[in-house]
Amino acid sequence: MLRFVMEPCACPAALFLLLSAAVLLGATAFEVEIKDDKNATCIYAKLSVNITVQYETNTSSSKNVTFPVPSKVTTNGSSCGSDSEAPILVTHFGNSHSWSLNFTKNESTYSGSALIFTYNTNDTTLFPDALRKGLLSSPATFLGPVPLNSTYKCISSEVVVGKNVTQIIYDVKLEAFVPNGTLGKEVTCDADKPYPSPSPTQPSTTASTTTPAPTSKPLDNPTTGNYTVSDVNGTCLLASMGLQINTSLLSEGENIWTPFNIDPWVIKSNGTCTNQTGTLILTENSTIIEFTFALKNKNHFYLEGVNVTLINGSAFSYRQNQNLSDWEASVGSSYMCHKEQQIKVSEDLFISAFDVRVQPFGVHNGTFDTAEDCFADQNFIVPIVVGAALGALVVLVTVAYFIGRRRQYSAGYEQM
């Protein structure tokens, strides 16, 4: 059995990670029932939600804040729906924050049509230095088709990504369109279902895709993915790279370094662009990687930080490094490096990036500008050969000069 572990480290960064993990794992579920005019339940929901919001500060930098939806919420604005209106679950908490989910149905199933999280950046406890003040909303989608008259149940985590907001939703028990106020039979999500056992006649050696199996064998280089971030003006950030994560996992009492590749075909990308920072967020069901780029002296950009969240069922692990100075290039150009680039996120997690090309600022027409090669890609053979040839030429000229001088002196002595 594998689980994520964190090595002890007497440093502020590790303390921050421990506090963050404590906040996340300490979250409790909220439980609500929405009833109709006959006091019969029409919507039932019990779930845990952890939310990370990225916002722009008054110093034009970006910052993340993570918090749970608390167990005590109100449900003003919720409705069982009617012939002309869809049912909606609305929960309110904190300083004017809200989490709402609309529902729709057909002849056999119901599903979530829109998940909207609204947050108030006037809340100085969560957003003490927010540049933009007021209520901001982030739409997303959650809850696929569920058979009517059934209760959806999912203990495993699901990552839901919206504009500037990432949610981890788990321990879900939910039903809409409840008939006669009575919950239906439970339907388990695919993530909670056990993997099928291998055939006894054809033993399988394939590892589970949820968590990579411990191995010391090197993997093939990951597939290169192409990612973009857009704002109101169009594409504002371009990135192309293959990514491999190497992390320490606990298996049968031993810490084993385990590599696994990120599959770009299942990755969802989003992010933000400001005058001072650019952020690329790559998300799939079990991994979230966030790259933050910043400006240096206004005419150079560089990779400033990386956050990684690994999810295993209802448990997850968060790592970050916000003190990087990698992938530097001039604004108006792109950074390119074909050789492997290793990024240390924490003592127990590294990212290897291959065939990297990024441009977080000054993108024109959605294409990369002229690339600046990394130091590792630069070819030093020709300069070395030329230098060696010039050095040999200087030596030959010097030797010839002294030989010539010596003969000249010898000729003078013979004349005397």
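If you check an unreviewed UniProt entry, the protein appears there as Lysosome-associated membrane glycoprotein 2 from Xenopus laevis. For the protein, the Sequence similarities (unreviewed entry) comment in UniProt is given as "Belongs to the LAMP family."

(A) Here's a closer look at the pattern of salt bridges. Under the defined criterion, the tally for this structure stands at seven salt bridges. A salt bridge links Arg-319 to Asp-348, with the nearest nitrogen and oxygen atoms 2.9 Å apart. With a gap of 29 residues between them, Arg-319 in strand S21 (residues 315-321) and Asp-348 in the loop between strand S24 (341-346) and strand S25 (349-359) connect regions that are remote in the sequence. Judged by relative accessible area, Arg-319 falls into the buried class, the value being 4%. By relative accessible area, which is 3% here, Asp-348 ends up buried.

(B) Summary view of the side chain of Thr-41. Assignment of secondary structure puts Thr-41 in strand S3 (residues 41-56). Take Thr-41: its relative accessible area is 9%, and that puts it in the buried class. There is a polar contact of 2.6 Å between the side chain of Thr-41 and the side chain of Glu-33. Dropping the residues within four chain positions of it, Thr-41 is found in contact with Glu-33, Ile-34, Lys-35, Val-178 and Gly-181.

(C) Looking closely at the packing of aromatic side chains. Taken as a whole and judged by the stated rule, the model has 12 aromatic pairs. Consider the rings of Tyr-55 and Phe-127, whose centres lie 5.1 Å apart with planes at 85 degrees: the pair is edge-to-face. Residue Tyr-55 is found in strand S3, and its partner Phe-127 is found in the loop between strand S7 (109-120) and strand S8 (135-140); the two are separated by 72 residues along the sequence. On the accessibility criterion, Phe-127 (0% relative accessible area) is buried. Ring pairs connect the aromatic residues Tyr-55, Phe-67, Phe-93, Phe-117, Tyr-119 and Phe-127, which therefore count as one cluster. The side chain of Lys-296 reaches across the aromatic face of Tyr-302, ending 5.1 Å from its centre.

What counts and how
Residues numbered from 1 in each chain as written. Predicted model: local features only at pLDDT ≥ 70, side-chain atom pairs only at ≥ 80, totals over all residues. Heavy atoms only, no water. UniProt positions renumbered as here; feature names shortened; annotations may be inferred. Salt bridge = Lys/Arg side-chain N within 4 Å of Asp/Glu carboxyl O. Helix = DSSP H or I, 4+ residues; strand = E, 2+ residues; numbered from the N terminus. Buried < 20%, exposed > 50% of the residue type's maximum accessible area, 1.4 Å probe, protein only. Polar contact = N/O pair within 3.5 Å; in protein donor to acceptor, adjacent residues only side chain to side chain. Contact = heavy atoms within 4.5 Å. Phe/Tyr/Trp six-rings, centres within 6.5 Å; stacked < 30°, edge-to-face > 60°. Lys NZ or Arg CZ within 6 Å of the ring centre and 35° of its normal.

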